[in-house]
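A closer look at the structure
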Amino acid sequence: MSSIALAISGNIAILGYGLAAIGPGVGVGLIFAAVINGTARQPEAQSKLQSIAWIGFGVTEVLAIIGIALAFVFR
């Protein structure tokens, strides 16, 4: 494979990760928007909602970490 083809292949992998990072970004925004909405409706449930939100945040960010790992693997 020529060096130009390898460079294009690597660039496409990184571009793919950039597009794939949009999903977790939107997911994190939706998670914390729901926490803010739930806290506004029931302030006494804030601690329970916040702990669930941090778990959801972690799971969502794992998708982004897997995406960057795969971008380097397929590069």
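Residues numbered from 1 in each chain as written. Predicted model: local features only at pLDDT ≥ 70, side-chain atom pairs only at ≥ 80, totals over all residues. Heavy atoms only, no water.

What counts is decided by this rule: UniProt positions are given in the numbering used here, feature names are shortened, and annotations may be inferred rather than shown by experiment.
The name recorded for the chain in an unreviewed UniProt entry is ATP synthase subunit c, from Kribbella karoonensis. Reading the Sequence similarities (unreviewed entry) entry of the UniProt record for the chain gives the comment "Belongs to the ATPase C chain family."

Quick word on the side chain of T60
Basically, it comes down to this: Secondary structure elements follow DSSP: runs of H or I no shorter than four residues count as helices, runs of E no shorter than two count as strands, and numbering proceeds from the N terminus. Distance and chemistry together define a polar contact, namely a pair of N or O atoms within 3.5 Å, with one atom able to donate a hydrogen and the other to accept it when in protein, and with adjacent residues in sequence counting only for side-chain atoms on both sides. By definition in these notes, contact holds between two residues if any of their heavy atoms fall within 4.5 Å.
Within the secondary structure, T60 sits in helix α3 (residues 46–73). Separated by 2.7 Å, the side chain of T60 and the backbone oxygen of G56 make a polar contact. Ignoring any residue separated from it by four or fewer positions in sequence, one finds T60 in contact with P24, G27, V28 and I31.

Focus on a nonpolar patch on the surface
Put simply, the rule reads: Every patch collects residues that have over 30% relative accessible area and no salt bridge, joining them within 9 Å if they carry like charges and within 5 Å if they are nonpolar side chains (Val, Leu, Ile, Met, Phe, Trp, Tyr). In short, Shrake-Rupley with a 1.4 Å probe defines the accessible areas, and a residue's cover is counted only from the protein chains shown. In what follows, salt bridge is the name for a side-chain nitrogen of Lys or Arg lying within 4 Å of a carboxyl oxygen of Asp or Glu.
Side chains of L15, L19, I22, V26 and L30 sit close together on the surface and give an oily, nonpolar patch of about 530 Å² of accessible area. Top contributing element to the nonpolar patch by residue count: helix α2 (residues 22–41), with three residues. Looking at the element boundaries, I22 is found in helix α2.

Some remarks on the packing of aromatic side chains
We apply this condition: Ring geometry is summarised as follows: Phe, Tyr and Trp rings, the Trp one being its six-membered ring, pair when their centres sit within 6.5 Å, and such pairs are stacked at plane angles under 30 degrees, edge-to-face over 60 and tilted between the two.
Scanning the entire structure with this criterion turns up three aromatic pairs. Residues F32 and W54 carry aromatic rings whose centres are separated by 5.4 Å and whose planes lie at 70° to one another, so their mutual orientation is edge-to-face. Residue F32 is located in helix α2, and its partner W54 is located in helix α3; the two are separated by 22 residues in the primary sequence. Here W54 and F57 contribute two aromatic rings whose centre-to-centre distance is 5.6 Å and whose plane-to-plane angle is 90°, an arrangement assigned as edge-to-face. On the criterion of helical spacing, the pair formed by W54 and F57 is a turn pair, its members being three residues apart in helix α3. Taken together through their ring pairs, the aromatic side chains of F32, W54 and F57 make up a single cluster.

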